[in-house]
Amino acid sequence: MPFEIRPLQPSEYPLLEEFLYHAIFVRPGQQPPPREILRRPELRVYVDGFGQNPDDYALAAVTQNQVVGAVWVRIMNDYGHVDDQTPSFAISLLPEHRGCGMGTALLEAMLGLLKEQGYQQASLAVQKDNYAFRMYQRAGFAIVDENSEEYIMVAKLS
């Protein structure tokens, strides 16, 4: 299915909450968490006030005039935080649009945008058994830390 990557418009920022929900890794055979999970402070940092900080950037994957995926970054104290100069990634696609290259295209487009903006690196956290881990490795992210559940990864941009 053809798609385009474009900036997420400020009027579309409310969509980030939906994409945040779909970014939550659900292991095969498990039920997705209730949507109330999005009220947790550790998840609110990804969406509250998005667009109000100079380090907030978001791109959309669009097909048939519908936003079906998003990647957004901001400097925040999230799971993938490494320092106060490094933007942290969030990326998500609607489930029916996974596996067709949109995630890779979003990831690469955001890395290019961050490099153009002069950032030295970007970070993210990913569960160790998440299928997206390999996509992040292919895009240039390397493990810099880990805990029992997840890897903290950084992509150097310079």
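Just so we're clear, the structure is a prediction, and the values are computed from it rather than from any experiment.

Calculation criteria
Residues numbered from 1 in each chain as written. Predicted model: local features only at pLDDT ≥ 70, side-chain atom pairs only at ≥ 80, totals over all residues. Heavy atoms only, no water. Helix = DSSP H or I, 4+ residues; strand = E, 2+ residues; numbered from the N terminus. Buried < 20%, exposed > 50% of the residue type's maximum accessible area, 1.4 Å probe, protein only. Polar contact = N/O pair within 3.5 Å; in protein donor to acceptor, adjacent residues only side chain to side chain. Core = buried A, V, L, I, M, F, W, Y, C linked by side-chain atoms within 4.5 Å. Salt bridge = Lys/Arg side-chain N within 4 Å of Asp/Glu carboxyl O. 1 Å grid on protein atoms, 1.4 Å probe; cavity = no way out; pocket = protein on both sides within 12 Å on 5 of 7 lines; lining within 4 Å. Points joined across faces, edges and corners; volume = space filled by probe spheres on them. Nonpolar A, V, L, I, M, F, W, Y, C, P; charged D, E, K, R; others polar. Contact = heavy atoms within 4.5 Å.

What to know about the side chain of Thr86
(1) Moving on: The topology assignment puts Thr86 in the loop between β3 (66–74) and β4 (88–93).
(2) Moving on: Thr86 gets classed as buried once you look at its relative accessible area, which sits at 1%.
(3) Moving on: Of note is the side chain of Thr86, whose polar atom sits 2.7 Å from the side chain of Asp83.
(4) Moving on: A polar atom in the side chain of Thr86 sits 2.9 Å from the side chain of Gln121.

Brief notes about the nonpolar core
(1) Moving on: Core analysis: the biggest nonpolar cluster contains 49 residues, and Trp72, Phe89, Met110, Leu114, Tyr136 and Phe141 have the highest contact counts within it.
(2) Moving on: Among the elements that make up this core, the one with the highest residue count is helix α3 (residues 102–116) (7 residues).

A closer look at the pattern of salt bridges
(1) Moving on: Within this structure, the stated rule accounts for 8 salt bridges.
(2) Moving on: The salt bridge partner of Asp48 is Arg44, with a shortest N-O separation of 2.6 Å.
(3) Moving on: With its nearest N and O atoms 2.6 Å apart, the salt bridge here joins Glu146 to Lys128. Here Glu146 is found in strand β6 (residues 141–146), whereas its partner Lys128 is found in the loop between β5 (121–127) and α4 (132–138), with 18 residues between them in sequence.
(4) Moving on: Here the salt bridges do not stand alone but share partners, grouping Glu17, Arg44 and Asp48 into one network.

With respect to the layout of surface pockets
(1) Moving on: Of the volumes computed, that of the largest pocket is approximately 1,100 Å³.
(2) Moving on: Looking at the lining of the largest pocket, the elements that each hand over two or more residues are α1 (15–23), α2 (41–44), β4, α3, β5 and α4.
(3) Moving on: No other element matches the 5 residues that β4 contributes to the lining of the largest pocket.
(4) Moving on: Partitioning the lining of the largest pocket into residue classes produces 26 nonpolar, 9 polar and 8 charged.

So, the side chain of His97
(1) Moving on: Along the chain, the position of His97 falls in the loop between β4 and α3.
(2) Moving on: Excluding residues that lie within four positions of it along the chain, His97 makes contacts with Met1, Thr63, Val68 and Met102.

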